[in-house]
Amino acid sequence: MATYTADIDVRFRDIDAMGHVNNAVYATYIEQARTRFFRDVLDLDISGASTVLASLSIDFRRPVELDDDAVAVSVEIADLGRSSATMTHEIRIGDAVAAEAEATLVAVDPETGEPTPIPEAHREAMASYRDR
């Protein structure tokens, strides 16, 4: 299974009163990596893709701090359904795993908001990348 990785800068505004990255920011890091995955792998601006985030779960392993400078966020296609794609993620600092996550995106009809099949070109690009 191929892994796409995006390096994301840790910004001062990401830090909470406890001195580490706020838990909600991890979702933003994952979203940034997913956006780059769509751009780099699918050659698609994610704002042009009719998808919604159906679920997101994050397991925190260690805090990320401002001194960490950047995190590496991986994206793997774990499951490719008819209208959904489940992606797994790791947020890493060097060799240390800071968090593990799973996100499911669902393709939707922009007019009705109902699930619709993933466009075949996108499905083929994701499957081809996953199966490398």
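Every value quoted in this text rests on a predicted model; they were computed, and no experiment measured them.

Draft legend 1. The arrangement of the pattern of salt bridges in detail. Taken as a whole and assessed by the stated rule, the structure comprises 8 salt bridges. Of the charged contacts, one joins Arg11 and Asp14 as a salt bridge, the two residues approaching to 2.9 Å between their closest N and O atoms. Given the relative accessible area of 2%, Asp14 is considered buried. Arg62 is the partner of Asp68 in a salt bridge, and the nearest nitrogen-oxygen pair spans 3.9 Å. For Asp68, a relative accessible area of 19% corresponds to the buried category. Counted as one network, the salt bridges with shared partners bring together Asp59, Arg61 and Glu100.

Draft legend 2. Representation of the packing of helix H1 (residues 23-42) against helix H2 (residues 120-130). Axis separation between H1 and H2 bottoms out at 10 Å; the angle between their running directions is 95°. Classified by the interaxial angle, the pair formed by H1 and H2 is roughly perpendicular. The residues of H2 that touch H1, namely those facing Phe37, Val41 and Leu42, are His122, Ala125, Met126 and Tyr129. Tallied by class, the residues present in the contact of H1 with H2 amount to 6 nonpolar, 1 polar and no charged.

Draft legend 3. Layout of the sheet that holds strand S4 (residues 84-93). The strand order S1-S3-S4-S5-S2 describes an open sheet built from 5 strands, whose pairing is antiparallel. With partners counted over all chains shown, the strands left at the sheet margins are strand S1 (4-9) and strand S2 (51-60), one partner each. Pairwise comparison of adjacent strand axes, ignoring direction, gives a mean angle of 25° for this sheet. Bridge count between S4 and strand S5 (residues 96-107): 10 bridges; the pairing is antiparallel. Across the sheet, residue Thr88 finds its bridge partner in S5, namely Glu102. In the packing of H1 onto the sheet, the strands contacted are S1, S2, strand S3 (70-80), S4 and S5, and the crossing angle to S1 comes to about 130°. In the packing of H2 onto the sheet, the strands contacted are S1, S3 and S4, and the crossing angle to S3 comes to about 110°.

Conventions adopted
Residues numbered from 1 in each chain as written. Predicted model: local features only at pLDDT ≥ 70, side-chain atom pairs only at ≥ 80, totals over all residues. Heavy atoms only, no water. Salt bridge = Lys/Arg side-chain N within 4 Å of Asp/Glu carboxyl O. Buried < 20%, exposed > 50% of the residue type's maximum accessible area, 1.4 Å probe, protein only. Axes fitted to C-alpha atoms, helices over the stretch in contact; angles between N-to-C directions. Helix = DSSP H or I, 4+ residues; strand = E, 2+ residues; numbered from the N terminus. Parallel < 35°, antiparallel > 145°, perpendicular 65-115°, else oblique. Contact = heavy atoms within 4.5 Å. Nonpolar A, V, L, I, M, F, W, Y, C, P; charged D, E, K, R; others polar. Pairing = 2+ DSSP bridges.

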